[in-house]
Amino acid sequence: MSKRVREAMLRYMNDWEQHANAGWRHGKWLELEDSITHKLGQVLRADPKDIGIAASLSTGMHSLMATFYKPNEKRNKIIMLSSEFTSDILVSQSWIETHKLDPNALLLADVSDKIPTVATSNVVKLIEENKETVSIVAMSLVSSHFSHYYDLDQIRQACKKYGILLFIDLAHSLGCVPINITELDVDAAYMSSSKYMNSGPGCVGAIYINPRHTGVKPGLRGWFGTDRAVLTMQNP
Ligand SMILES: Cc1ncc(COP(=O)(O)O)c(C=O)c1O
């Protein structure tokens, strides 16, 4: 644990002790999101306004699914990787269930081959085979099993060609490999600070949404995802 973390935690604990609920105003706790998104924007090479701090990676992914997964008769499948983290798979399954769809709407691309080009071509092949019915491809940027990159350019091109959204999981890459999310040009990303960002208990996750989707109504609305000016007006 970095020594500065202890000092910062104690500063916030003291503020809380002295100001209790008024700390939200005194300590500008709500505005903390701005300084964190600014820093995270530098790591991701993204505009901070396109980043939101979420409770955990999974809750961020849930928000994105609630917002963007709008299955219809024709397009309702989600493609993920066979090696994907179980909790990501559970998130997708829960939205497939929420929409009362067949569990087979979740397709897993075989990425068991150690060679990244083979794994990538299996993902592209699955997209091609289901090009008319897939709604979202949701996958990790790097393989958690073999620590290699997938060729995201190829996957993104296939998604764009068929009008499929591309989401990426940055849990195993944030703070570990260089990321330029603007150049990656994915539709959305979800991440966590628990691994290479070395955060401890109470660590936060985050989401990124490509600015081309600015204005899309959040599927799960609350404090976050609402214009702060509106919130302040309603909670003077
Ligand atoms: C690839 C990946 N996805 C999802 C998660 C779950 O993250 P969280 O507990 O923040 O929801 C993790 C956590 O280790 C992970 O490594």
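So, here is what we can say about the structure in this document. Model, not experiment: these values are computed from the prediction.

By nearness alone, 14 residues border the ligand, and Ser 56, Leu 57, Ser 58, Phe 85 and Ala 171 come closest of all. Among the secondary structure elements, those contributing two or more residues to the shell around the ligand are helix H4 (57–68) and helix H5 (86–98).

Attention now goes to the environment of Leu 220. The residue Leu 220 is located in the loop between strand S7 (205–209) and helix H9 (228–234) in this model. Sequence separation between Leu 220 and Met 65 is 155 residues; the distance between their C-alpha atoms is 9.5 Å. Those residues within four positions of Leu 220 in sequence are excluded, and the remaining contacts are Ser 63 and Ala 66.

Relative to strand S3 (residues 106–109), strand S2 (residues 77–81) runs parallel, the two sharing four bridges. Opposite Ile 78, over in S3, you have Leu 106 as the bridge partner. Handedness of the crossover joining S2 and S3 through H5 is recorded here as right-handed.

Next up on the list: the sheet that holds S3. Reading across from one edge, S1-S7-S6-S5-S4-S2-S3 is the order of the seven strands in this open sheet, with mixed pairing throughout. Among the strands making up the open sheet, the edge pair consists of strand S1 (51–54) and S3. For this sheet, the mean angle separating the axes of adjacent strands, direction not counted, is 20°. Lying over the sheet, H5 contacts S2, S3, strand S4 (134–140) and strand S5 (165–169), oriented at roughly 170° with respect to S2.

Moving on: the environment of Ala 138. Structurally, Ala 138 is set in strand S4. Considering only alpha carbons, one finds Ala 138 and Asp 88, 50 residues apart in sequence, at a separation of 8.7 Å. Ignoring anything within four residues of it in the chain, the contact list for Ala 138 reads Ile 78, Met 80, Asp 88, Ser 92 and Phe 167.

A few words on helix H6 (residues 116–129). Between its first and last C-alpha atoms H6 spans 20 Å; for 14 residues at 1.5 Å apiece the expected length is 20 Å, and the two agree. Three or more residues of H6 are buried, namely Ala 119, Thr 120, Val 123, Leu 126 and Ile 127. End-on, the buried residues of H6 take up no more than an arc of 120°, which puts them together on one face. In H6, those exposed residues whose orientation departs by more than 90 degrees from the buried face are Thr 117, Val 118 and Glu 129.

Counting 56 residues, the largest nonpolar core has Ile 127, Val 137, Leu 166, Phe 167, Ala 189, Ile 207 and Tyr 208 as the members making the most contacts within it. Once you skip the residues sitting within four places of it in the chain, Val 137 turns out to touch Ile 79, Ile 127, Ile 155, Cys 159, Ile 164 and Leu 166.

Okay, the environment of Lys 195 next. Relative to the assigned elements, Lys 195 resides in the loop between strand S6 (188–192) and S7. A sequence separation of 173 residues divides Lys 195 from Ala 22, and the C-alpha atoms of the two residues are 33 Å apart. Excluding its chain neighbours within four sequence positions, the residues that come into contact with Lys 195 are Ala 171 and His 172.

Running from N to C, H6 and helix H7 (residues 152–161) point in directions that differ by 5°, and their axes come no closer than 9 Å. It follows that H6 is roughly parallel to H7 by the angle criterion. Residues Thr 120, Val 123, Val 124, Ile 127 and Glu 128 of H6 form the contact with H7, whose participating residues are Gln 154, Ile 155, Ala 158 and Cys 159. A breakdown of the residues in the contact of H6 with H7 according to their chemical character gives six nonpolar, two polar and one charged.

One can describe the packing of H4 onto H5 by two numbers: an axis separation of 10 Å at closest approach and a directional angle of 30°. Taken together, the axes of H4 and H5 lie roughly parallel to each other. For the pair H4 and H5, the sense of crossing is right-handed. Residues Ser 58, Met 61, His 62 and Met 65 of H4 pack against Ser 87, Asp 88, Val 91 and Trp 95 of H5. Its residues placed into classes, the contact of H4 with H5 shows four nonpolar, three polar and one charged.

Scoring rules and cut-offs
- Residues numbered from 1 in each chain as written.
- Predicted model: local features only at pLDDT ≥ 70, side-chain atom pairs only at ≥ 80, totals over all residues.
- Near = placed C-beta within 6 Å.
- Helix = DSSP H or I, 4+ residues; strand = E, 2+ residues; numbered from the N terminus.
- Contact = placed C-beta atoms within 7 Å.
- Pairing = 2+ DSSP bridges.
- Right-handed = clockwise from strand over helix to strand, strands pointing away.
- Axes fitted to C-alpha atoms, helices over the stretch in contact; angles between N-to-C directions.
- Expected span 1.5 Å × (residues − 1).
- Buried ≥ 20, exposed ≤ 12 C-beta atoms within 10 Å, placed from the backbone.
- Arc of directions from axis to C-beta.
- Core = buried A, V, L, I, M, F, W, Y, C linked by C-beta atoms within 7 Å.
- Parallel < 35°, antiparallel > 145°, perpendicular 65-115°, else oblique.
- Nonpolar A, V, L, I, M, F, W, Y, C, P; charged D, E, K, R; others polar.
- Left-handed = near helix turned anticlockwise from the far one by under 90°.

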